[in-house]
Structure formats: C-alpha cells, structure tokens
Amino acid sequence: MGDVGSLALGGAIGTVAVIIKQELLLPFIGGVFVIEALSVILQVASYKLRKSASSRCTDSSSLRADGWSESKIIVRFWIASLVFALFALTTLKLR
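Residues numbered from 1 in each chain as written. Predicted model: local features only at pLDDT ≥ 70, side-chain atom pairs only at ≥ 80, totals over all residues. Heavy atoms only, no water.

**A short note on the packing of helix H3 (residues 31-50) against helix H5 (residues 70-91)**
Then step 1. Taken N-terminus to C-terminus, the directions of H3 and H5 make an angle of 115°; their axes are 8 Å apart at the nearest point. Where H3 abuts H5, its residues Gly31, Val32, Ile35 and Glu36 lie against Phe77, Ala80, Ser81 and Phe84.
Then step 2. Here the residues of the contact of H3 with H5 sort into 5 nonpolar, 2 polar and 1 charged. (Axes fitted to C-alpha atoms, helices over the stretch in contact; angles between N-to-C directions. Helix = DSSP H or I, 4+ residues; strand = E, 2+ residues; numbered from the N terminus. Contact = heavy atoms within 4.5 Å. Nonpolar A, V, L, I, M, F, W, Y, C, P; charged D, E, K, R; others polar.)

Here it is in structure tokens:
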C-alpha cells in the first residue's frame, strides 16, 4: 500500500476515533507503528547526543541484520498488531 492508501486509512481511523470520543485508544490501535516511531526517535537522539547509535532497534531492517527471516518478522508484527487491536477493542466503550 502506498502513501495514498495508508494516509487515507490513518485519516479514517483518526476520524472515527474523534467521532466516538476515544482518541486515547489511537496509540494502542497502531501500537506497532508507535513503537517503531519511538525506536527511530531514540536512535536519532542517541546518535546526536553520543555520536553512536544505541545497541538495539526494533525496525525490520535491524531484525533482518540479526538473522531473522522476512516471513518471521512479518508474522511477529502481525501478532503484535492483533494483540494491540484486541486490547483497544476490549477497552472500547460505545456510548
């Protein structure tokens, strides 16, 4: 999916969250994306402050460098996304 599709889906999810007044669930719904973004932010901050990257990163390229196969990474990210989505659904209260 390209930028157009992913931005449209993200906008739709955000709009629905605002309409049902459950904006705080957005970080849980997109938990994998939030964790990856925080990982990149920490890597950049670590590099700028210490002139060396931190020891571990959660993005798929570093996991491939550690010897994980692409299918193993994808399945693990699917499982994590499913867990985050189920958590968000269990805490969702429609009024």
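There is more to say after this.
**Considerations on unusual backbone geometry**
Then step 1. Its identity is not glycine, yet Lys21 carries a phi of approximately 60°, on the positive side.
Then step 2. Along the chain, Lys21 turns up in the loop between helix H1 (3-19) and helix H2 (26-29).
Then step 3. The exposed category is assigned to Lys21, whose relative accessible area is 60%. (Buried < 20%, exposed > 50% of the residue type's maximum accessible area, 1.4 Å probe, protein only.)

**A word on H3**
Residues that lie three or four places apart on an α-helix share one face, since the helix turns once every 3.6 residues.
Then step 1. Helix length check: H3, at 20 residues, gives a terminal C-alpha distance of 28 Å against a target of 28 Å (1.5 Å per residue), a fit within 8%.
Then step 2. For H3, the complete set of buried residues consists of Gly31, Val32, Ser39, Gln43 and Ser46. Projection of H3 onto a plane perpendicular to its axis shows the buried side chains occupying an angular sector of 110°, all on one side. Along H3, the residues that are exposed and aim more than 90 degrees away from the buried face are Phe33, Ile41, Lys48 and Leu49. (Expected span 1.5 Å × (residues − 1). Arc of directions from axis to C-beta.)

**Notes on H1**
Then step 1. For H1, spanning 17 residues, the distance from its first C-alpha to its last is 24 Å, which sits close to the expected 24 Å at 1.5 Å a residue.
Then step 2. Looking one or two places after H1, you find Lys21, whose phi comes out positive at around 60°.

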